[in-house]
Amino acid sequence: MSILRPGDEKFHYSDGSHKWIPPDPDYDQEVWDEQVRQHKQGHLRNVSPKVRIQRLV
C-alpha cells in the first residue's frame, strides 16, 4: 500500500483512485498524463518489498 503525501490530493479522487483527466479543461492532457505517470512512480518508490532479499557474502 502506498502513502499519500501533502500535495497528492490533486492526483486522487476521494476513493484513492487516480485522476486521468486534468482538473482544468484548458490544461494540456499530455502534460497531465506525464505528471500522473510520475506521481504513480512515486507511489511505487514508497512501497516496501514484501520479501526481504538477503545478500550472501
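In this convention, every chain numbers its residues from 1, walking through the sequence in written order. Local features are withheld for residues below a pLDDT of 70 in this predicted model, meaning they are given only at 70 or higher, and side-chain atom pairs are given and counted only at 80 or more; totals for whole chains, interfaces and linings count all residues. Hydrogen atoms and water are omitted, and side-chain values are computed over all heavy atoms in the structure.

Draft legend 1. A look at the pattern of salt bridges. The salt bridge criterion pairs a side-chain nitrogen of Lys or Arg with a carboxyl oxygen of Asp or Glu, the two atoms within 4 Å. Under the definition given, this model contains one salt bridge. Arg37 is paired through a salt bridge with Glu34; the nearest N and O atoms lie 2.5 Å apart. With Arg37 and Glu34 both in helix α1 (residues 29-45) and three residues apart, this pair spans about one turn of that helix. Burial here depends on accessible area, computed with a 1.4 Å probe over protein chains only, as a share of the maximum for the residue type. Under 20% is buried, over 50% is exposed, and the range in between is partly exposed. You can call Arg37 partly exposed: its relative accessible area is 37%. Of the residues examined, Glu34 reaches a relative accessible area of 30% and is grouped as partly exposed. Runs of H or I in DSSP of at least four residues are treated as helices and runs of E of at least two as strands, each being numbered from the N terminus.

Draft legend 2. How the structure looks around the packing of aromatic side chains. Pairs were defined over the aromatic rings of Phe, Tyr and Trp, the Trp ring being its six-membered one, requiring ring centres within 6.5 Å. Orientation was assigned from the angle between planes: stacked under 30 degrees, edge-to-face over 60, tilted for the rest. Per the counting criterion, the structure on display carries two aromatic pairs. Judged by centre distance (5.9 Å) and plane angle (90°), the ring pair of Tyr27 and Trp32 falls under edge-to-face. Note on criteria: charge over ring means Lys NZ or Arg CZ within 6 Å of the ring centre, with the direction from the centre no more than 35 degrees off the ring normal. Taking NZ or CZ as reference, Lys19 lies 5.6 Å from the ring centre of Tyr13, over its face.

Remember, this is a structural readout, not a statement about activity or role.
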